[in-house]
Amino acid sequence: MSGCTDAVQRGWFPEDSVGATDHTERISDLWRGSWIAALIVGAIVWGLVIWCMIAYRRRKGETGVPAQIRYHLPLEVMYTVIPVMMIAVLFGYTARDQSEILDTSEKPDVTIGVVGKQWSWDFNYKDSDVYESGVMGQLDGNEGAEAELPTLYLPVGKRVQFDLTSRDVIHSFWIPAFLMKMDMIPGIENKFQVTPAVEGSFKGKCAELCGEYHSEMLFNVEVVSQAEYDQHMADLEARGQTGQLETELGRSEMAPESSDAEEAGNSDAQSFSTESKTAEVQR
């Protein structure tokens, strides 16, 4: 009966992942198909093991070792060919879906440069020439803490390209509901495209252990209408956050003042001042 639950039917993926982007169904279908194949193979293997344990068990009064079979060429060929065929099929489906998911040949409607840093995020909205810079989350158990996290805005129904890189160590850009993550490597720009299909609020995080405060490297995601997206771009411009933040290597001062990270001295933790942000953009 547990197989009838919604959680099992969606492969235990997040509930808000259903139809979240143009790729989520493809990814979840591959996941479910792989598990079904694995369960069938497992059932056959365990069945054969149990059958051998029963059929060839030592009987009362038997002594010595059973008759030994040194070679059985047809059986050995079968043991080789069947697994190779199974792996080839799984590889074929995986390669097909991966090729489609990572295809960036189509011109995107929106291009966003995402820069990972210990332990927060910068978002460069390249088409609008504005940016948003975040500081490390301070999840102290009090309500409203998540509202202070940097928020990534995406227009619904538009093809978005993420250009990913890192200022310091390897991070990983992950929006769990989108069922897609990609590494952010210093000095290298990785890319992928996705089309958000439904409006709503989602959560994002770093999926690569990147230091002491990795667990607080979080961000919010808002998938909104085109009008709301344009308004947010105008708001960023009105706040003076124009231009593009640098993506070159170099540790930035990420943690808010009076935070645990500041006391630990991990990043010379001070909050960004308006002057330092402006200087960074101008460089």
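As a starting point, this report considers the structure included with it. Bear in mind the structure is a predicted one, so any value in this text is a computation, not a measurement.

**Description of the packing of aromatic side chains**
Step number 1: If you walk through the whole model with that rule in mind, you get 12 aromatic pairs.
Step number 2: Ring geometry for Trp 31 and Trp 35: centres 6.1 Å apart, planes at 65°, overall edge-to-face. Note that Trp 31 and Trp 35 are positioned in helix H2 (residues 24-55) at a spacing of four residues, about one turn of the helix.
Step number 3: Here Phe 173 and Phe 219 contribute two aromatic rings whose centre-to-centre distance is 5.5 Å and whose plane-to-plane angle is 10°, an arrangement assigned as stacked. Of the two residues, Phe 173 is situated in strand E6 (residues 171-175) and Phe 219 in strand E10 (residues 218-224); the sequence distance between them amounts to 46 residues. Grouping residues by exposure puts Phe 173 and Phe 219 together as buried.

**Regarding the nonpolar core**
What tends to happen in soluble globular proteins is that the nonpolar side chains get buried as a cluster.
Step number 1: Counting 40 residues, the largest nonpolar core has Leu 152, Phe 162 and Phe 173 as its most contacted members.
Step number 2: If you tally residues by element for this core, the top one is E10, at four residues.
Step number 3: Once residues lying within four places of it in the same chain are set aside, the contact partners of Leu 152 are Ile 112, Phe 123, Tyr 125, Phe 162, Phe 173, Ile 175, Phe 219, Asn 220, Val 221 and Glu 222.

**Some remarks on H2**
Step number 1: With 32 residues, H2 should cover 46 Å at 1.5 Å per step; its first-to-last C-alpha distance of 46 Å lies within 8% of that length.
Step number 2: Among the residues of H2, those classed as buried are Thr 24, Ile 27 and Ser 28.
Step number 3: Taken together, the buried residues of H2 touch helix H3 (73-101).

**Quick notes on the pattern of salt bridges**
Step number 1: Counted under the stated rule, the structure contains 10 salt bridges.
Step number 2: Asp 122 is the partner of Lys 117 in a salt bridge, and the nearest nitrogen-oxygen pair spans 2.3 Å. When sorted by exposure, Lys 117 lands in the same class as Asp 122, which is buried.
Step number 3: A salt bridge links Lys 191 to Glu 189, with the shortest nitrogen-to-oxygen separation between them at 3.9 Å.
Step number 4: Taken together, the shared-partner salt bridges in this structure form one network comprising Lys 126, Asp 163, Glu 189 and Lys 191.

**Points about a nonpolar patch on the surface**
Step number 1: On the surface, a nonpolar cluster with roughly 690 Å² of combined accessible area is contributed by Ile 36, Ile 40, Ile 44, Leu 48, Trp 51 and Tyr 56.
Step number 2: With respect to the helices and strands, the residue Leu 48 is situated in helix H2.

**Things to note about the packing of H2 against H3**
Step number 1: In contact at an axis separation of 10 Å, H2 and H3 are set at 170° when each is read in the N-to-C sense. One element, H2, and the other, H3, form an angle in the roughly antiparallel class. Every residue of H3 that contacts H2 at Arg 26, Ile 27, Leu 30, Ser 34 and Val 41 is listed here: Met 86, Leu 90, Tyr 93, Thr 94, Arg 96, Asp 97, Glu 100 and Ile 101.
Step number 2: For the contact of H2 with H3, the residue count by class is seven nonpolar, two polar and four charged.

**Examining unusual backbone geometry**
Step number 1: Of note, the bond from Gln 118 into Trp 119 is cis; its omega dihedral lies within 30 degrees of zero at 0°.
Step number 2: Inspection of the secondary structure assignment puts Trp 119 in the loop between strand E1 (110-117) and strand E2 (120-125).
Step number 3: Here Asp 129, not a glycine, exhibits a phi torsion of approximately 55°, which is positive.
Step number 4: Positive phi values are uncommon outside glycine, yet Leu 179 reaches one of about 55°.
Step number 5: Residue Leu 179 is classed as buried on the basis of its relative accessible area, which comes to 13%.

**Some words on the side chain of His 23**
Step number 1: Mapped onto the elements, His 23 comes out in the loop between helix H1 (6-9) and H2.
Step number 2: In this view, His 23 contacts Glu 100, Ile 101, Gln 193 and Val 194; residues no more than four positions away in its chain are not counted.

**Some details on the environment of Phe 202**
Step number 1: Along the polypeptide, Phe 202 turns up in strand E9 (residues 200-206).
Step number 2: Taking the C-alpha atoms as reference points, Phe 202 and Pro 176, separated by 26 residues in sequence, lie 8.3 Å from one another.
Step number 3: The residues touching Phe 202, leaving out its near neighbours within four places in the chain, are Asp 16, Ile 175, Ala 177, Phe 178, Asn 220, Val 221 and Val 223.

**Describing the pairing of strand E7 (residues 180-184)**
Step number 1: By the bridge criterion, five bridges tie E6 to E7 in an arrangement that is antiparallel. Residue pairing across strands places Ile 175 opposite Met 180, the latter belonging to E7.
Step number 2: Counted between consecutive antiparallel strands, the loop separating E6 from E7 contains four residues, among which Leu 179 sits at a positive phi close to 55°.

Scoring rules and cut-offs
Residues numbered from 1 in each chain as written. Predicted model: local features only at pLDDT ≥ 70, side-chain atom pairs only at ≥ 80, totals over all residues. Heavy atoms only, no water. Phe/Tyr/Trp six-rings, centres within 6.5 Å; stacked < 30°, edge-to-face > 60°. Helix = DSSP H or I, 4+ residues; strand = E, 2+ residues; numbered from the N terminus. Buried < 20%, exposed > 50% of the residue type's maximum accessible area, 1.4 Å probe, protein only. Core = buried A, V, L, I, M, F, W, Y, C linked by side-chain atoms within 4.5 Å. Contact = heavy atoms within 4.5 Å. Expected span 1.5 Å × (residues − 1). Salt bridge = Lys/Arg side-chain N within 4 Å of Asp/Glu carboxyl O. Patch = residues over 30% accessible without salt bridge, like charges linked within 9 Å, V, L, I, M, F, W, Y side chains within 5 Å. Areas by Shrake-Rupley, 256 points an atom, 1.4 Å probe, with all protein chains shown as cover. Axes fitted to C-alpha atoms, helices over the stretch in contact; angles between N-to-C directions. Parallel < 35°, antiparallel > 145°, perpendicular 65-115°, else oblique. Nonpolar A, V, L, I, M, F, W, Y, C, P; charged D, E, K, R; others polar. Pairing = 2+ DSSP bridges.

Fair warning: the whole summary comes from geometry, so function is off the table for now.
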